[in-house]
Structures are given as structure tokens and as C-alpha cells.
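Observations on the three-dimensional arrangement
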Amino acid sequence: MRETMEALIPTIGVVTDVRVDTPDVKTFRVNSLDGGIPFDHMPGQCAMLSIPGVGEAMFSITSSPTNKEYKEFSIKKCGCLTDWLHQMEVGQQITIRGPYGHAFPVDTEFVGKDLLFIAGGIGLAPLHSVINYCRHYRDRYGSIDIVYGSRSKDDLVDYQEILNEWCTEEGINVYLTIDRPQEGWDGHVGFVPNYVKELNFDVNKTAVICGPPIMIKFTLAGLQELGFEKTQVYTTMELRMKCGIGKCGRCNIGDKYVCKDGPVFRCDQLDELPNEY
Amino acid sequence: MMMYKINVDRLPELYAKMAESRALYLPIEKNDQVEFHPWNADACVRLDKLNTAKSAKDLFFPQTENLMKFKMQGKNISIEENRDPVEPFVLFGVRACDVRSFDVLDKVFLADPVDTFYQSRRENGVVISMACHEPEETCFCHAFGIDAADPAGDISCWMVEGTLYWKPLTEKGQALTETVSALMEQAGDQDQAKVEESQKALHAVMEKLPLYDLDLTGFDGDHLLEKFNSEKWAKLSEACLGCGSCTFVCPTCQCYDIRDYDNGHGVQRYRCWDSCMYSDFTMMAHGTPRKTQLEKFRQRFMHKLVYFPSNNDGMYSCVGCGRCLTKCPISMNIVKVIKALGGENHA
Ligand code: SF4
Ligand code: SF4
Ligand code: FES
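Not measured: the values here are computed from a predicted model. (Residues numbered from 1 in each chain as written. Chains lettered and ligands numbered in written order. Predicted model: local features only at pLDDT ≥ 70, side-chain atom pairs only at ≥ 80, totals over all residues. Heavy atoms only, no water.)

In this section: the overall build of chain B. Across its full length, chain B holds 11 helices and 12 strands. For chain B, whose C-alpha radius of gyration is 22 Å, the value lies close to the compact-globule estimate of 20 Å for 347 residues. Seen through its principal axes, chain B has C-alpha atoms that stretch 65 × 60 × 40 Å. When each of the 347 residues of chain B is scored for burial, the buried share is 54%. Residue pairs in contact within chain B that sit at least 24 positions apart in sequence constitute 71% of those at least 6 positions apart. Charge-centre separation for chain B: the mean point of 39 positive side chains lies 5 Å from the mean point of 50 negative side chains. (Helix = DSSP H or I, 4+ residues; strand = E, 2+ residues; numbered from the N terminus. Rg over C-alpha atoms; globule rule 2.2 N^0.38 Å. Buried < 20%, exposed > 50% of the residue type's maximum accessible area, 1.4 Å probe, protein only. Contact = heavy atoms within 4.5 Å. Lys, Arg positive; Asp, Glu negative; His and termini not counted. Charge placed at Lys NZ, Arg CZ, Asp CG, Glu CD.)

So, on to the sheet that holds strand β1 (residues 11-22) of chain A. Residues and elements named next belong to chain A. Strand order in this open sheet of 6 strands is β4-β3-β6-β1-β2-β5, and the pairing throughout is antiparallel. The sheet is open, and its two edges are formed by β4 (55-60) and β5 (71-76), each paired on a single side. Looking at each pair of strands side by side, their axes are set apart by 40 degrees on average, direction ignored. Note that β1 and strand β2 (residues 25-32) share 8 bridges and pair antiparallel. Note on β2: the bridge partner recorded for Arg19 is Thr27. (Pairing = 2+ DSSP bridges. Axes fitted to C-alpha atoms, helices over the stretch in contact; angles between N-to-C directions.)

Looking now at the site of ligand 1. Residues and elements named next belong to chain B. In the vicinity of ligand 1 lie 13 residues, with Cys250, Cys318, Cys321, Gly322 and Cys324 positioned nearest. Counting only elements with at least two residues in the shell around ligand 1, the list comes to α9 (293-311) and α10 (323-327). Here the residues of the shell around ligand 1 are counted per class, giving 8 nonpolar, 2 polar and 3 charged. (Near = heavy atom within 4 Å. Nonpolar A, V, L, I, M, F, W, Y, C, P; charged D, E, K, R; others polar.)

This paragraph deals with the side chain of Asn333(B). Residues and elements named next belong to chain B. Examined against the element boundaries, Asn333 turns out to sit in the loop between α10 and α11 (334-341). Judged by its relative accessible area of 8%, Asn333 falls in the buried class. Here Val335 takes part through its backbone nitrogen, which lies 2.9 Å from a polar atom of the side chain of Asn333. In this structure the side chain of Asn333 is engaged in a polar contact, spanning 3.0 Å, whose partner is the backbone nitrogen of Lys336. Setting aside anything within four residues of it in sequence, one finds Asn333 in contact with Phe301, Cys324 and Leu325. (Polar contact = N/O pair within 3.5 Å; in protein donor to acceptor, adjacent residues only side chain to side chain.)

Listed by partner, the interface residues are 45 residues for chain A and 49 residues for chain B. Interface area, chain A with chain B, both sides summed: about 3700 Å², of which 55% is carbon and sulfur. Three residues stand out in chain A for area buried against chain B, namely Lys247(A), Arg250(A) and Glu276(A), and they jointly supply 20% of the buried area on that side. On the surface where chain A and chain B come into contact, there are 5 salt bridges. There are 25 residue pairs in polar contact (both at pLDDT 80 or more) connecting chain A and chain B. Taken together, the elements giving at least two residues each to the side of chain A that touches chain B come down to β1, β3 (46-51), β4 and β6 (93-100) of chain A. Take the side of chain A that touches chain B: its biggest share by element is 4 residues, from β6(A). For the side of chain A that touches chain B, the residue count by class is 19 nonpolar, 13 polar and 13 charged. (Buried area = accessible area lost by both parts, 1.4 Å probe. Salt bridge = Lys/Arg side-chain N within 4 Å of Asp/Glu carboxyl O.)

Glancing now at the packing of helix α1 (residues 11-21) of chain B against helix α4 (residues 171-180) of chain B. Residue and element names in this part refer to chain B. Direction vectors running N to C along α1 and α4 enclose 115 degrees, while the axes themselves pass 10 Å from each other. Between α1 and α4, the interaxial angle falls into the category roughly perpendicular. By crossing handedness, the relation of α1 to α4 is classed as right-handed. On the side of α1, the interface is formed by Leu14, Lys17 and Met18, while α4 contributes Leu176, Thr179 and Val180. For the contact of α1 with α4, the class distribution of residues is 4 nonpolar, 1 polar and 1 charged. (Parallel < 35°, antiparallel > 145°, perpendicular 65-115°, else oblique. Left-handed = near helix turned anticlockwise from the far one by under 90°.)

Residues and elements named next belong to chain A. Considered domain by domain, chain A is made up of domain 1 (4-100) and domain 2 (115-236). On a C-alpha basis, the centres of domain 1 and domain 2 stand 24 Å from each other. Together domain 1 and domain 2 conceal approximately 1300 Å² of surface at their shared face, both sides included; 61% is due to carbon and sulfur atoms. Broken down residue by residue, the surface that domain 1 buries against domain 2 is led by Pro43, Thr62 and Thr66, which jointly contribute 32%. Counting the contacts that link domain 1 with domain 2 gives 2 salt bridges. Between Arg19 and Asp158 there is a salt bridge, with its nearest N and O atoms 3.1 Å apart. Connecting domain 1 to domain 2 are 5 residue pairs in polar contact (both at pLDDT 80 or more). Tallying contributions element by element places β1 first for the side of domain 1 that touches domain 2, with 3 residues. For the side of domain 1 that touches domain 2, the per-class residue count stands at 6 nonpolar, 9 polar and 4 charged. (Domains from an automatic or database assignment.)

Take the packing of α9(B) against α11(B) next. All names here are of chain B. Where α9 meets α11, the closest approach of the two axes is 11 Å, and the angle between their N-to-C directions is 75 degrees. When the interaxial angle is binned, α9 and α11 end up roughly perpendicular. When α9 is examined against α11, the residues Phe297, Phe301, Lys304 and Leu305 are found in contact with a partner set consisting of Ile334, Val337 and Ile338. In the contact of α9 with α11, the residues fall into 6 nonpolar, no polar and 1 charged.

A separate point is α1(B). If you check which residues of α1(B) are buried, you get Leu11(B), Leu14(B), Tyr15(B) and Met18(B). Along the long axis of α1(B), the arc covered by the buried residues comes to 100 degrees, so they all point the same way. (Arc of directions from axis to C-beta.)

The figure often quoted for interface size is the accessible area lost as the parts come together. Residues and elements named next belong to chain B. The domains assigned to chain B are domain 1 (4-66 + 84-206) and domain 2 (221-253 + 275-341). Each of domain 1 and domain 2 has a C-alpha centre, and these two points are 28 Å apart. Contact residues are listed per partner, giving 23 residues for domain 1 and 24 residues for domain 2. Of the roughly 1900 Å² buried at the junction of domain 1 and domain 2 (both faces included), carbon and sulfur atoms supply 65%. At the surface where domain 1 touches domain 2, the tally comes to 1 salt bridge. There are 10 residue pairs in polar contact (both at pLDDT 80 or more) connecting domain 1 and domain 2. When its residues are assigned to classes, the side of domain 1 that touches domain 2 shows 11 nonpolar, 6 polar and 6 charged.

Printed below as a string of C-alpha cells:
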């Protein structure tokens, strides 16, 4: 499809659906111009999206690789490019290149394991892909537990899909929580790290944490209190990126480049890196 | 391969011959500053000048270059590749340190996925190096195993007593040599001896330079966190202005930015040099992980002396050219960092 071999040159994608998830998160469906998908990816990988003249930035791919019809990106409005993206309507073209980075080890380390997914806020975006991948290949994995929290009920991304599909599936336990009590919410109230400790998970699970750095930090500490080792816990890292291919120097931390060596890291690997994230 | 020689008075003929078929870049003085510029008959060539103010990396990794152009029409976008054309060129008079810097850049840009912009310039460029004769007190290429008397490249040159000696080292160098060999004489054993003598003389000078024995022990790609957490960074970075001069003159600094420019008829996407010393380098919507100049300063030197070697079989991302020693407005530099953090008992 692409004539150039140059990694920095994107292809054109077209927005085929826009879904309002929360007051500041929208999910965009993207197809290539011929109606197909721009590339194949693995859960946890990212892509560079851009509106020429506005900017280019890295976003995690929210849809599962098993979805061969389109790619989805859940994007939080938080600055110049994302503001612009939030104004897009169906039919808008954007540029897209990727996929970039290392995926979750869904076909290796995760196989045969009981999985525990923990997300805070927009941190569900990268997890959405891996959760749906594991649901698709359900018999490869043990039990699946999902803990997901947000500021309020309205800030839960993909709430309908979670209720209608994840919560109703056998062998999947979903635990939702919001930070403060709210009318119309009879579920759990409290921060994710505390909730994880309360739930007192079995320590033989493999865990994945995604969310704001502070939430990751406290949740990891909580898991360690329960007896989890860092080698059982995975997370994703977010740094500023420009090239996506380990050359522009932007996302360098220690001897790693988050764009190509990450964004997925096992928590014990993070101990070997400078604390600059 | 055979060595050739030519009298220094006939160099303009040599330049003219080479410039017939391709662009020829030489250290040329303009407004009291020597930089690699395209040669013409009136140019003030300064082969004697030790190091150009900026490095030669511009020729392979230009300060700004076009990547592609976008046309926007309503909701539609089209991409037009409009890379700056690359024509064959010769880069003459590169010192041993700068020649090594191309190997460092290769590690970054030619690693998978290859940067085809850089690659086509590397393929189109012939590098003619020049042995040093009067190294300066700021030179410390020796610390990185570089021999200023025996520079690499496609062709190596030595200037001895009014004669330029010319020795092709690669096929590319040999091919260029064949186009100009009619102007030169073949060098004999005596000439070879003269070159060797000049090399010995240079070694004797080098050994007396203040930074000749600069010791890189302890910078072995290991001890990453120990070095990172050293308390010495605070003092070292205290006065750093974050001006980025050190990164711009450095032959091995390769960080870049990608930007868009809307000229009303379309959007030009280009890349340009960037600097880890700048405050917005890692700035994101919710802040930056490198908040103070200490963190930015530390990143530059940790990258050159620890991270890069750890990923590249021990190759440092510094070639000891000394440019950052002379250009930093606060006289801070990599040598001071090496001395403060190096040695057996690391940080
Ligand atoms: S760090 Fe300084 S001495 Fe080393 S290559 Fe760069 S400019 Fe030259
Ligand atoms: S080390 Fe010196 S040249 Fe480099 S940014 Fe700091 S003040 Fe500028
Ligand atoms: S984004 Fe350029 S090195 Fe990672």
C-alpha cells in the first residue's frame, strides 16, 4: 500500500465513527482509504496520529487486534492536537503511522495465567485492547479480573460495553469504582489502589496496571502488600514522542526508548531505569 | 590501495576537477568563521583550520530538512513526498574525530528502521579526511581510541611540507581517486616514510596535550543508576543556561524535532535539530519528567557516556572534538563531567 519505506511518512486514515465516551473522552474509529485497516498490531502497541498543521502524537490503539474491520482510539481532550481531534466528524481524514512499541506478552507470559487488569481513568484505553484480545482467545487464559475506576460514573470509558459484554461473560469478574459517592451509583466508591487491596486478590495472578503515574505507583505498592512480586506486574509508560522509532531522542530514559522498547514494561524492569517518568 | 601526492599549490586544480562532477564541501572561511561550505574558485579554503565551528554533521543530518508536504481540502488530506534532493558530493578536510562521529550517527539513523533521508546522504557523500597537525588543548579524541594522525573516511589525507598525500581507503574513495588521479603523482616509499614521520611527530605532540590521558574508566555502560543518582550533578549543572549551544555544535548530538509549517497553500512537515537541554524537550500536557536544568543536563551526559555505550557495544556518543569545551558560555563541559564522575570508584 505504501510506496515509501520511510518510517516517518504516514498514510491517510479516515474517521468512520465518533463515539462520545465521557465529557472529555471520545473514541474514534479509523479506517484506511480503501475501507480496510491501516496495519495489524498487537495489544499495547501505539500509533502516531496527526492533523497536518496541528501536530502529531502517539496514542495507544484501543481496539483489539482481533478486530479486522477498523482501529479505534479512545482519546482524552488535553491540549492542542487532542482539542482538534475532538472536533472531528465522521469523514475527516487524518494521518496515521505505526504500529509502534512492544506489546503485552499475550502470546507468551500471559498464556495459562489468571489475569488481573487494573485501570484508572483513560488508562482503560491500552487495556481495552488486551482485554478484548484475551476475551477473544478465552481458553488460552485462566480467570480474568478487571478493576476499573474513574472520578465519577460519567468518566468511566466504555461503560456500556463493560456492562453489556464484560460483566455478563462467564469467568470474567468486573469491579468498578468511582472516587466519590454519586447519585445513581450503587457500586463501590473509593480509589483504585485501596479497592485493589480490599479485594485481596490471590497472589498467583499476572497483573497489568494502566493509568496516571501516581495511580500506578500506589496500585503497585498495594499489590506488593498483598504479596505480588514486581515480576508479575506489567504497566505502560507515557513520555513525549516525535519519531516513534528510537531516533529523535525524545523518549529516551536510561538505556531504553519508550517508543520502541516500551510502552509496555514489567515493573521489575523499571527498577533498572532512572526514575524519570 | 595506492597512495598519491600533489603539491599544495595545485590544490585549486584538484578542487576544480572534483567540483566538475559534484558539489565539493571544504572548510571555508566566511566572516571570520570557518565552516564546511560549497567550494568555488574565490573561496578562502582553510585546510589548516583544526575544527570548523559547527561540525560536519549538517551534510548528512541537516539542521532543517523537508520530510513531506500535505494538501488539505475540506476533510481530505493528500501527502506529497518532497524531500530535498540529494546529489553526489564530496566532503573534504574532515578531522579524525568528525569522521568517527559519522559512525556514531550511523548507529542511530541506519539502525532498523533505516532513516532513508540520512541514508541517501551517506551513500551520496564521499568523505575525505585530513590528519591533524596542530591539535589544540581542548582535543581529547585519543580518549575514545581515535588516532588523529590516521583518520578514517573514504580517503585519508596528510599535509607534509607543502605536499598533500592522498590515500583511498574504500571503493567509493578509489572511484573518486580515479577521476582526479591524472592531476596527482603516485607516492613512493620515501613519501610513505615522510607520512609516517609526520604521524610520529603528531603523536609526540598529542601526548603532551592536557587531556591526552583523560580516563574513561567507570563509564562502561554499567553502573547506570549509580551514576544517575550521583550527588555531583547538582554542582555540575548549577550554572547551565540551557542554551543548547553544546548540542548544536556537537557532531554526535542527533536529537530532532518534527514540525509543521502552514504556508497557506499546504502544510510542510520538516525536521530540525533539537536539544535535550531545552525546557520543552519532554514537555507533555500534564508536565515534564525533567523539571529542572539538572535533569536536562544530566540527560545529555548520561546519554553520551552511559546509555549510548550500553546500547552500542561500548561506543561513546562523544568523539572528543572539544567543540563544547570552547563554546559553552559558562565553561561547563563533558570533560568536567568525566573527571567528576569517572574513575574506579564511580559516582
Ligand atoms: S560532547 Fe563535546 S567534545 Fe564530545 S563530541 Fe560533542 S562537542 Fe565534541
Ligand atoms: S552546558 Fe553550557 S553550552 Fe550546554 S546548555 Fe548548558 S550552558 Fe549551554
Ligand atoms: S519518539 Fe523518537 S526516540 Fe522515541
